[in-house]
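Remarks on the overall topology
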Amino acid sequence: MDSTPNILIISASDPTSGAGMQADIQTVSSLGCHPLTVITGLTVQDTKGVYHVSPVESELFAAQVQTILDDSKVDLIKCGMLSSEENIRVLAKLLTEYPNIPVVLDPIMASGRGDELTSESMRQLMIELILPRVTILTPNIMEARQLVKLDDQIKEISIDEAAKRLLAGGCENVLITGTHDATDEVMNKLYLSDGETESYAWKRLPHEYHGSGCTLASAIAAYVAQGLSLIQAVEEGQDFTWHTLDAAIQTGQGQRIPNRFFWMNDFDDSDDDPTHH
């Protein structure tokens, strides 16, 4: 077998390639891993929002995943939007059958403009069935609060308390991102299974971006699959993501798309020798 890490990506398709499956493929490929891909749903969306989600039928979803697991060595599973209650149940069963494969979950709840992508019942199933199998969860602040929703006063819960409850629910580690805060810097915080925490501050960039969360989770997945410690993977994943946003491209009329191959811009295009980089 080739030594290139295989990452099984489970997510919905995004025609813009800003987020979803296409974002995950670009990210792990840019970071030297091989993507194995299982689509959970088809979406109608652009850089401004999501207009429709059509989930993949659960038997087909299960067959896709099982066929890949039977054929290939999977070093890590990265999950994004699961698209339906039935697919969440299927995934939970499969993760139980393969307990030694690390799992990175980006718990997508809404689009960048606020389009709801999960129902309350779907969120409850994720809490009960998926989170206990997750190696690292990567919610933004709003998603973290939704995943511990207990009553109508949930907005009052602190981020530390939200993380504490997520860890108590069985999730091994949690990285909560502060992209939605109105602060000069983006403040992210990692909560580890041993009770330790790590805090990070990143310069806030001036634009809005489509797929930053997908990029971050996939980058962390790629670094973990390549053997970095979780803390190293989280640090490197954030650094990679920040650079993709700093070099983001405007492909449509809405949010910018992270440039996951920003490092190609470092090549010296002015040199007449095409073999010289």
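Residues numbered from 1 in each chain as written. Predicted model: local features only at pLDDT ≥ 70, side-chain atom pairs only at ≥ 80, totals over all residues. Heavy atoms only, no water.

Note the threshold: UniProt positions are given in the numbering used here, feature names are shortened, and annotations may be inferred rather than shown by experiment.
Identification of the chain as hydroxymethylpyrimidine kinase from Methylophilales bacterium MBRS-H7 is taken from an unreviewed UniProt entry. Recorded under Pathway (unreviewed entry), the UniProt text for the chain is reproduced unchanged: "Cofactor biosynthesis; thiamine diphosphate biosynthesis."

1. Describing the overall build of the chain
This is how the line gets drawn: Only DSSP runs of H or I reaching four residues or more are called helices, and only runs of E reaching two or more are called strands; each is numbered from the N terminus. C-alpha atoms define the radius of gyration, and 2.2 Å times the number of residues to the power 0.38 defines the globule rule. Residue burial is assigned from relative accessible area. The probe radius is 1.4 Å, only protein chains are included, and a residue is buried under 20% of its type maximum, exposed over 50%, and partly exposed in between. Should any heavy atoms of two residues lie within 4.5 Å, those residues are counted as being in contact.
Check the secondary structure of the chain and you find 8 helices and 10 strands. Its C-alpha radius of gyration of 18 Å places the chain within 12% of the 19 Å reference for a compact globule of 277 residues. Projected onto its principal axes, the C-alpha coordinates of the chain cover approximately 60 × 45 × 40 Å. Counting all 277 residues of the chain, 49% fall into the buried class. Sequence separation of 24 or more characterises 67% of the internal contacts of the chain that already satisfy a separation of 6 or more.

2. A short note on the pairing of strand E9 (residues 185–191)
This is how it is decided: By the convention used here, strands pair only if DSSP detects at least 2 bridges between them.
Alignment of strand E8 (residues 173–176) against E9, held across 3 bridges, turns out to be antiparallel. Opposite Ile-176, over in E9, you have Lys-189 as the bridge partner. Of the strand pairs in this sheet, E9 and strand E10 (residues 197–203) are connected by 7 bridges, and their pairing is antiparallel. The residue of E10 that forms the bridge with Asn-188 is Tyr-200.

3. Some words on helix H3 (residues 85–97)
Think of an α-helix as turning once every 3.6 residues; residues three or four places apart then point the same way. Under the convention used in this document: Expected helix span is taken as 1.5 Å per residue step, with the number of steps being one fewer than the number of residues.
Between the first and last C-alpha of H3 there are 19 Å, a value that for 13 residues agrees with the 18 Å anticipated at 1.5 Å per step. Elements in contact with the buried residues of H3: strand E1 (6–11), helix H2 (58–71), strand E5 (76–79), strand E6 (103–105) and helix H4 (120–130).

4. Things to note about the packing of aromatic side chains
What counts here: Only Phe, Tyr and Trp rings are paired, with Trp represented by its six-membered ring, and only when their centres lie within 6.5 Å; those with planes under 30 degrees apart are stacked, over 60 edge-to-face, the remainder tilted.
Scanning the model with the defined rule gives 2 aromatic pairs in all. Centre to centre, the rings of Phe-240 and Phe-262 are 5.5 Å apart; their planes meet at 50°, and the pair counts as tilted. Linking Phe-240 in helix H8 (residues 230–246) with Phe-262 in the segment after H8, this pair joins segments that are 22 residues apart in sequence.

5. Topic: the nonpolar core
Heads up, the condition is: In plain words, nonpolar cores are sets of buried Ala, Val, Leu, Ile, Met, Phe, Trp, Tyr and Cys residues tied together by side-chain atoms within 4.5 Å.
Leu-8, Ile-10, Ile-77 and Leu-137 are the most contacted members of the largest nonpolar core, which has 42 residues in total. At 6 residues, H3 tops the list of elements feeding residues into this core. Excluding residues that lie within four positions of it along the chain, Ile-10 makes contacts with Val-38, Thr-40, Phe-61, Val-65, Ile-77, Lys-78, Cys-79, Gly-80, Leu-82 and Leu-91. Grouped together as the second largest cluster of nonpolar side chains are 33 residues, Ile-9, Tyr-200, Ala-225 and Phe-262 included.

6. Side note on the pairing of E8
Residues Asn-173 and Leu-175 line one face of E8 and the alternating positions Val-174 and Ile-176 line the opposite face, and both faces are buried. Examined bridge by bridge, strand E7 (residues 136–137) and E8 share 2 bridges and lie parallel to one another. Looking across to E8, one finds that Ile-136 is bridged to Asn-173.

7. Digging into helix H6 (residues 159–168)
The condition that has to hold: Working definition: the arc comes from the directions between the helix axis and the C-beta atoms, pointing outward to the latter.
Every buried residue belonging to H6 is among Ile-159, Ala-162, Ala-163 and Leu-166, and all of these are buried. Buried residues of H6 fall within an arc of 95° about the axis and therefore sit on the same side. Away from its buried face by more than 90 degrees, H6 exposes Lys-164 and Ala-168. Against the buried residues of H6 lie E7, helix H5 (141–146), E8 and E9. Looking one or two places after H6, you find Gly-170, whose phi comes out positive at around 115°.

8. With respect to the sheet that holds E7
Our working rule: Simply put, an axis is a line fit to the C-alpha atoms, just over the touching stretch for a helix, and the angle between two N-to-C directions goes from 0 to 180 degrees.
Taken together, the 8 strands give an open sheet; going across it, the order is E2-E1-E5-E6-E7-E8-E9-E10, and neighbouring strands pair in mixed fashion. Pairing within the sheet leaves two strands with one partner each, and these edge strands are strand E2 (34–39) and E10. Across 3 bridges, E5 lies against E6 in parallel orientation. When the bridges of E6 are listed, Cys-79 appears paired with Leu-105. Lying on the sheet, helix H1 (residues 20–30) is in contact with E1, E2 and E5; it crosses E1 at an angle near 165°. Contacting E7, E8, E9 and E10, H8 crosses the sheet at an angle of about 10° to E10.

9. A look at the pattern of salt bridges
For clarity, the threshold we go by: The term salt bridge refers to a side-chain nitrogen of Lys or Arg lying within 4 Å of a carboxyl oxygen of Asp or Glu.
Within this structure, the stated rule accounts for 6 salt bridges. The closest approach of N and O atoms between Lys-189 and Asp-160, which form a salt bridge, is 3.1 Å. With a gap of 29 residues between them, Lys-189 in strand E9 and Asp-160 in helix H6 connect regions that are remote in the sequence. Given the relative accessible area of 41%, Asp-160 is considered partly exposed. Here Arg-165 and Glu-161 are joined by a salt bridge, their closest N and O atoms 3.0 Å apart. Remark: Glu-161 and Arg-165 occur in helix H6; sequence separation between them is 4 residues, near one turn of the helix.

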